[in-house]
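Residue-level structure breakdown
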Amino acid sequence: QKGYPPVRPVFWGASDEPAVWGVEDAFFLGDALLVCPIVEEGGRMPTAELRSTRQVTLPKGRWYNFWDDAVIEGEQQVSLEAPLERIPLLVRAGSMIPMEQGKQLILHIYLPVEGSSISSLYSDANDGYGESRLDKFRIVRSQNNLEITWEEQGDYPFPYAGVKLHLHGMKLQQAWVDDAEVACQEQIIECDRLTACAPRNRFHKLRIQGEFADILP
């Protein structure tokens, strides 16, 4: 909608952060993902435990390690594990990462530090023409709760048979879908199994209660 490139330099949106202006060995994929590949020989440094790592200068904010959900504060240089089989990858706090598995849509929710954030998912017939849809998700964090509201726009039919939500950075205790309490399995809520979502397999408002990982003792 705005014409922004999907692959962006680290200084994108960080005009007030001189520390990242010269970072050329990492890049953003959209707003949410910070990709930190090894781009030259010798870029991986062995540690005392014989694990390979690389140094990354982070923009401000809070970040989640995509591979293990470790929480990392920004505005500093950090060391990330970089084995041959895995590219170091960070997720900005407050983001929603959509993934598809079969006919199921999996929404990975990474908690905002405070307040709210908005993420969008665009769908069409994969031709760029004709009908389309835009699903907007507003994530609001309060003291011990997380609320997610879903707004649908466009005429293109919802292309998924079910929806699964995977929470990151929160110990899930209870959840309510459109004011009806639902069962939770670890960090996952499956909307296609909830009578509150049937037959649409979607919801208007999801309220979650639990403990945030960044304030656990």
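Further up the page is the structure itself.
This structure is a prediction, so every number in the text was calculated from the model and none was measured. (Residues numbered from 1 in each chain as written. Predicted model: local features only at pLDDT ≥ 70, side-chain atom pairs only at ≥ 80, totals over all residues. Heavy atoms only, no water.)

**Some remarks on the sheet that holds strand β12 (residues 115-124)**
This is how it is decided: At least two DSSP bridges between two strands are needed for those strands to be called paired. Numbering of helices and strands runs from the N terminus, with a helix taken as a DSSP run of H or I at least four residues long and a strand as a DSSP run of E at least two residues long. In this analysis, axes come from line fits to C-alpha atoms, helices being fitted only over the stretch in contact, and the angle between any two N-to-C directions falls in the range 0 to 180 degrees.
As summarised here, the arrangement of the 6 strands in space is β12-β13-β14-β19-β16-β17, forming an open sheet in which the pairing is antiparallel. The two strands at the open ends of the sheet, each matched to only one other strand, are β12 and β17 (180-182). Adjacent strand axes in the sheet meet at a mean angle of 25 degrees, parallel and antiparallel pairs treated alike. As paired elements, strand β13 (residues 132-141) and strand β14 (residues 145-154) share 9 bridges and run antiparallel to each other. Opposite Val 140, over in β14, you have Glu 147 as the bridge partner.

**What to know about the nonpolar core**
Going by this rule: As used here, the term nonpolar core means buried Ala, Val, Leu, Ile, Met, Phe, Trp, Tyr and Cys residues forming a set that is joined through side-chain atoms within 4.5 Å. With a 1.4 Å probe rolled over the protein chains alone, any residue whose accessible area is under 20% of its type maximum counts as buried; one over 50% counts as exposed, and the rest are partly exposed. Contacts are assigned to residue pairs that have any heavy atoms within 4.5 Å of one another.
By size, the foremost hydrophobic cluster in this structure holds 36 residues, and its most contacted members are Ile 109, Leu 146, Ile 148, Leu 165, Leu 206 and Ile 208. Residue contacts for Ile 208: discarding those within four places in its chain leaves Asn 144, Asn 145, Leu 146, Ile 148, Leu 167, Met 170, Leu 172, Gln 174, Ala 175 and Ile 189. In this structure, Val 20, Val 23, Cys 36 and Trp 63 belong to the second largest nonpolar core, which totals 15 residues.

**Side note on the pattern of salt bridges**
Rules: Note on definitions: salt bridges are taken to be side-chain nitrogens of Lys or Arg within 4 Å of carboxyl oxygens of Asp or Glu.
Taken as a whole, this structure holds 7 salt bridges when the rule is applied. Across the salt bridge formed by Asp 25 and Arg 54, the nearest N and O atoms sit 2.9 Å from each other. Taken together, the residues Asp 25 in the loop between β1 (7-9) and β2 (27-29) and Arg 54 in strand β5 (residues 52-57) connect sequence positions 29 residues apart. Ionic pairing is found between Glu 73 and Arg 62, a salt bridge with its closest N-O pair at 2.7 Å. Taken together, the residues Glu 73 in strand β7 (residues 71-73) and Arg 62 in strand β6 (residues 62-65) connect sequence positions 11 residues apart. Judged by relative accessible area, which is 39%, Glu 73 ranks as partly exposed. When salt bridges with common partners are traced through the structure, they connect Arg 133, Asp 135 and Glu 152 into a single cluster.

**Regarding the environment of Met 96**
Relative to the helices and strands, Met 96 is located in strand β10 (residues 96-101). A C-alpha to C-alpha distance of 8.8 Å links Met 96 and Leu 111, two positions 15 residues apart in sequence. Once you skip the residues sitting within four places of it in the chain, Met 96 turns out to touch Leu 107, His 108, Ile 109, Ser 119, Phe 137 and Ile 139.

**Some words on unusual backbone geometry**
The backbone of Asp 178 sits at a positive phi, close to 50 degrees, despite the residue not being glycine. Accessibility expressed as a relative area gives 28% for Asp 178, which makes it partly exposed. Even without glycine at this site, Asp 179 takes up a positive phi of about 75 degrees. Within the element layout of this structure, Asp 179 appears in the loop between β16 (170-177) and β17. Overall, the relative accessible area of 62% leaves Asp 179 in the exposed class.

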